[in-house]
2 protein chains.
Amino acid sequence: MMITILSGGTGTPKLIQGIKEIYPQEEINVIVNTVENEYFSGGYIAADIDTVMYTFADMIDERYWYGIKGDTFHIREKLIELGTEELLTIGDQDRAIEIQKAILLEDHTLSEVVEFQKNHLNIKAKIIPMSDEDSDIKINTKEYGEIEFHEFLIKYGGEPEVLEVIYSDVNPSPELIETIEKSDKVIIGPSNPITSIRPITSIKGVEEALKGKEVIAVSPFVGNDAFSGPAGKFMTAFGYETSSKGVAELYKAFLNTLVIDNQDAQMKGDLEEIVPEVIVTNTFMNSIEDKINLAKVVLNME
Amino acid sequence: MMITILSGGTGTPKLIQGIKEIYPQEEINVIVNTVENEYFSGGYIAADIDTVMYTFADMIDERYWYGIKGDTFHIREKLIELGTEELLTIGDQDRAIEIQKAILLEDHTLSEVVEFQKNHLNIKAKIIPMSDEDSDIKINTKEYGEIEFHEFLIKYGGEPEVLEVIYSDVNPSPELIETIEKSDKVIIGPSNPITSIRPITSIKGVEEALKGKEVIAVSPFVGNDAFSGPAGKFMTAFGYETSSKGVAELYKAFLNTLVIDNQDAQMKGDLEEIVPEVIVTNTFMNSIEDKINLAKVVLNME
């Protein structure tokens, strides 16, 4: 049974760690957000794609959910010694991945480059960038006006008040729509709904394709708190409540089932007014057992 | 007494190793060929400039006369493991230098970038790119038509027959002419006359500036052989003899003194018909003593 996972960079890869323990990789497709992709220091950074690749290859540095565990930092250290401190902390092996992307992108599409790299990392799952086109995400903030998303996250530590999130319209990558259409189930992981998932679902044709499928989403919220990152601010900027209710509203056009945390059990009734089915379970993914248990829930394998 | 050295990538840096042992770095300027500069794998390679920098900083890998001695190759090895073998062999520290150049070139001129880097390497000599503009060198070959210079050297091992050497006209870097004018002596090192020195001397204003100076050149030839690289082929393509006689003809408009090797002593009389003064000495630079002795000759410090 073919499944497709929509993924951003932290929450969903954790769920993937669980899924890949109990499900054959050959039947897993992951469609990955690309809005934060950019050329940086001569390499091409596809942060969410790399996190997904490293997760499948058991290479991910789980301290930060980006980069490769045990990586060295010789280039970074040399650059600092020479007076240039890069805004992003990039390990040597991770940098090689980025440099290779930049080299291959001269003659190939991003989809082709990702296919090439994931094969070299012996990954059997299919990893599909949402688009092969450059896309851009900008955050309109109260304090600093319109800034890049990575500036918002790294330079300003996710602190500024968000007025608006703006991302460019891009075409789907060649296999995106077809992959959803041929899947038996679509899993929306607990990634940031506004900056990771909505960029995928707002691509032309995606929402239409999702409507014909069994779609299950894991809420990234417990109460009004997001598991990771500044998801709340972005929900507010789009006019949604910072909670699983906001997630239900955001996905309701195509969502069959929403998975929420035990701590939000009291919301079940209200949420069932918005989406057909609500499952209450533990959505905290601290241990591999947590991840496998949540994977079993979303895969109906309990 | 201010001196200026015109340099390419191998022969002249060897002479610089001798000069820097006996002459104050603060009074040394080096004007460096930039025709082979290029963006490569996300970094900016200024091969001759880096070789000169690494020579002054005692970092140069003398096995190849490029790169840093003792450097590691983690990025290169990772790229090969991932299926991409770069045409050039670049060490990690060397790559950091190249990445920093690419980063800084976004907001600065090449002259500024080199000044910044050489200061961080604690180099007291002044290192001046011949031009801040992109320049290009192409080799028209019998076998493969017009190819890039690095293809000629690396991909084809310097083997093809050379019909023509074509380089683009560029403007001098801001300090180039002034540096020559304020020097008491100009030393043209034993670099490739066609691909390293002529690109510098053919820049507008340089030949004029050299004419007012005491100019001494070390011939890169002994008999009809060049000390390093395929210099001979290029001389022939420009209609010059592959020997110190060709060098004398090439530089005669501004040359006061030509230094040739003992083995060419019999040419002295003929050469004095072309240039005012000819010095015969050992021009092989195998040991540091050789380099210092030759440095003493060109500096009149015997």
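Before reading further, recall that the structure is shown in the block above.
Observations regarding the interface of chain B and chain A
Next up, step 1: With 24 residues of chain B at the interface, the matching set in chain A holds 24 residues.
Next up, step 2: Counting each side, the surface lost to burial between chain B and chain A is near 2,100 Å², with a carbon and sulfur contribution of 71%.
Next up, step 3: In this assembly, chain B and chain A are joined by 0 salt bridges.
Next up, step 4: Across the chain B-chain A interface, the total number found is 9 residue pairs in polar contact (both at pLDDT 80 or more).
Next up, step 5: If you tally residues by element for the side of chain B that touches chain A, the top one is helix α4 (residues 92-105) of chain B, at 9 residues.
Next up, step 6: Partitioned by chemical class, the residues of the side of chain B that touches chain A number 11 nonpolar, 8 polar and 5 charged.

Here we look at the sheet that holds strand β5 (residues 126-129) of chain A
Residues and elements named next belong to chain A.
Next up, step 1: Here 7 strands make up an open sheet; going across it, the order is β5-β2-β1-β9-β10-β13-β14 and the pairing parallel. Among the strands making up the open sheet, the edge pair consists of β5 and β14 (277-281). The mean inter-strand angle of the sheet, taken between neighbouring strand axes irrespective of direction, is 20 degrees.
Next up, step 2: As judged from the 3 bridges shared by strand β10 (residues 215-218) and strand β13 (residues 257-261), these two strands associate in the parallel manner. Across the sheet, the residue bridging to Ile-216 is Thr-257, located in β13.
Next up, step 3: Contacts from helix α2 (residues 47-56) reach β1 (3-7), β2 (28-32) and β5 within the one sheet, and its direction differs from that of β2 by about 155 degrees.
Next up, step 4: Relative to β10, helix α13 (residues 288-298) is tilted by about 150 degrees, and along the sheet it contacts β9 (185-188), β10, β13 and β14.

So, the pairing of β10(A)
All names here are of chain A.
Next up, step 1: Because side chains alternate across β10, one face comprises the buried residues Val-215 and Ala-217, and the other comprises Ile-216 and Val-218, equally buried.
Next up, step 2: Pairing analysis gives 3 bridges linking β9 to β10, with the strands arranged parallel. Paired with Ile-187 across the two strands is Ile-216, which belongs to β10.

What about the packing of aromatic side chains?
Next up, step 1: Per the stated rule, a full pass over the model turns up 12 aromatic pairs over all chains.
Next up, step 2: Connected via pairs of aromatic rings, a cluster forms that spans A:Phe149, A:Phe152 and A:Phe234.

Brief notes about the pattern of salt bridges
Next up, step 1: Within this structure, the stated rule accounts for 35 salt bridges over all chains.
Next up, step 2: A salt bridge links A:Lys20 to A:Glu21; the shortest N-O distance between them is 3.8 Å.
Next up, step 3: Linking B:Lys78 and B:Glu81 is a salt bridge whose minimum nitrogen-to-oxygen distance equals 3.3 Å. Taken together, the residues B:Lys78 and B:Glu81, both in helix α3 (residues 74-81) and 3 residues apart, mark about one turn of the helix.
Next up, step 4: Residues joined by salt bridges that share partners form a network here, namely A:Lys20, A:Glu21 and A:Asp58.

Notes on α2(A)
Next up, step 1: Summarising burial for α2(A): 9 of the 10 residues are buried, a large majority.
Next up, step 2: Those residues of α2(A) lying buried are A:Asp48, A:Ile49, A:Asp50, A:Thr51, A:Val52, A:Met53, A:Tyr54, A:Thr55 and A:Phe56.

Details of the relation of the copies chain B and chain A
Next up, step 1: At an RMSD of 0.0 Å, chain B and chain A line up after a rotation of 180 degrees and a shift of 0.0 Å along the axis. As the rotation angle and translation indicate, the two copies are arranged about a two-fold axis. When C-alpha positions in chain B are compared against the rotation axis, the closest is assigned to B:Gly42, at 1.7 Å.
Next up, step 2: Of all interface residues in chain B, 100% are interface residues in chain A too; the two copies therefore contact each other through one and the same surface.

A few points about the environment of A:Asp58
Residue and element names in this part refer to chain A.
Next up, step 1: Inspection of the secondary structure assignment puts Asp-58 in the loop between α2 and α3 (74-81).
Next up, step 2: Judged by relative accessible area, Asp-58 falls into the partly exposed class, the value being 47%.
Next up, step 3: In the structure, Asp-58 is positioned 11 residues away from Lys-69 in sequence and 8.9 Å away in space, judged by C-alpha atoms.
Next up, step 4: A distance of 2.8 Å separates a polar atom in the side chain of Asp-58 from a polar atom in the side chain of Lys-20.

Describing a nonpolar patch on the surface
Next up, step 1: Taken together, the side chains of B:Leu87, B:Leu153 and B:Ile154 define a hydrophobic patch exposed on the protein surface, amounting to about 220 Å² of accessible area.
Next up, step 2: One can find B:Leu87 in the loop between α3 and α4.

Here's the deal with the pairing of strand β9 (residues 185-188) of chain B
Residues and elements named next belong to chain B.
Next up, step 1: Burial along β9 is two-sided: the face carrying Lys-185 and Ile-187 and the face carrying Val-186 and Ile-188 are both buried.
Next up, step 2: Direction of pairing for strand β1 (residues 3-7) relative to β9: parallel, over a ladder of 4 bridges. Following the sheet pairing, Thr-4 is matched in β9 by Val-186.

A look at the side chain of A:Ser41
Next up, step 1: Tracing the backbone shows A:Ser41 in the loop between β3 (38-40) and β4 (43-45).
Next up, step 2: There is a polar contact of 2.4 Å between the side chain of A:Ser41 and the side chain of A:Glu86.
Next up, step 3: Those residues in contact with A:Ser41, other than ones at most four positions away along the chain, are A:Glu86, A:Arg95, B:Gly42, B:Ile99 and B:Ile103.

Cut-offs used in this document
- Residues numbered from 1 in each chain as written.
- Chains lettered and ligands numbered in written order.
- Predicted model: local features only at pLDDT ≥ 70, side-chain atom pairs only at ≥ 80, totals over all residues.
- Heavy atoms only, no water.
- Contact = heavy atoms within 4.5 Å.
- Buried area = accessible area lost by both parts, 1.4 Å probe.
- Salt bridge = Lys/Arg side-chain N within 4 Å of Asp/Glu carboxyl O.
- Polar contact = N/O pair within 3.5 Å; in protein donor to acceptor, adjacent residues only side chain to side chain.
- Helix = DSSP H or I, 4+ residues; strand = E, 2+ residues; numbered from the N terminus.
- Nonpolar A, V, L, I, M, F, W, Y, C, P; charged D, E, K, R; others polar.
- Pairing = 2+ DSSP bridges.
- Axes fitted to C-alpha atoms, helices over the stretch in contact; angles between N-to-C directions.
- Buried < 20%, exposed > 50% of the residue type's maximum accessible area, 1.4 Å probe, protein only.
- Phe/Tyr/Trp six-rings, centres within 6.5 Å; stacked < 30°, edge-to-face > 60°.
- Least-squares fit on C-alpha atoms with pLDDT ≥ 70 in both.
- Patch = residues over 30% accessible without salt bridge, like charges linked within 9 Å, V, L, I, M, F, W, Y side chains within 5 Å.
- Areas by Shrake-Rupley, 256 points an atom, 1.4 Å probe, with all protein chains shown as cover.

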